[in-house]
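# Observations on chain architecture
Letter by letter, the chains look like this.
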Amino acid sequence: MAVPVPALHSASTVLTTAETTTWYNTMQWLLAPPKCRLTASATTTTGTAFAWSSVAFNTEAYDSTSMHDTVTNNSRITIATSGFYRLMAKSRATANVSLGIRLAVSGSAVPDVENWAPFMAGPGVADTSTSATLYLTAGQYVEAQVASSGAATVVASSTFEAHWVSN
């Protein structure tokens, strides 16, 4: 669905019923734009050191426009409405590793959004997050990918969000 764009009018113009409906639909759309927030409720293990892998998200806090499926391709948020999206991803791993996180669009890493948590020894955890505002077109998909300095358990608190912000 595209964002409804009402016609511009001067202050003295009387709107037709169709124009009023378009304005109403625009306001309704802007009050509930495409957005989703995902959580990985199960732990996953990273494999080879410094190899990137997409995080599977099997729980949705919300998904206003069915951009995510908890079973099929559950690492993906698939864009239904073109526009600028604010993307945010966070992950946490068990101790004794460095943990990296990045965003990928349709399988390709997004430049300049990779972030690494420093090596965490002992009983602590390595936390890292990244975010970006990107223009995405309908049909593209985005993923949060993680890598670590060694085999690590990515704990269940990993999250991934996409919020439409403008055309």
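Reading the values: the criteria
Within every chain, residues take consecutive numbers counted from 1 along the sequence as written. Where totals are concerned, whole chains, interfaces and linings use all residues; where local detail is concerned, this predicted model gives features only for residues with pLDDT of at least 70, and gives and counts side-chain atom pairs only at 80 or more. Hydrogens are left out, water is left out, and the side-chain values use all remaining heavy atoms of the structure. Any carboxyl oxygen of Asp or Glu within 4 Å of a side-chain nitrogen of Lys or Arg constitutes a salt bridge here. In DSSP terms, a helix is any run of H or I states spanning at least four residues, a strand is any run of E spanning at least two, and both are numbered starting from the N terminus. Relative accessibility under 20% of the residue-type maximum defines a buried residue, over 50% an exposed one, and the middle range a partly exposed one, all with a 1.4 Å probe and only protein chains included.

## Section: the pattern of salt bridges
Tallying each qualifying case throughout the model produces two salt bridges. Note that E161 and R37 form a salt bridge whose closest N and O atoms lie 2.2 Å from each other. Placement of the pair is E161 in strand β13 (residues 159-166) and R37 in strand β1 (residues 35-39), with a sequence separation of 124 residues. Residue E161 is classed as buried on the basis of its relative accessible area of 13%. Given the relative accessible area of 26%, R37 is considered partly exposed. Linking D127 and R92 is a salt bridge whose minimum nitrogen-to-oxygen distance equals 2.5 Å. Of this pair, D127 sits in strand β10 (residues 125-136) while R92 sits in strand β6 (residues 83-94), placing them 35 residues apart in sequence. We classify D127 as partly exposed; its relative accessible area is 39%.

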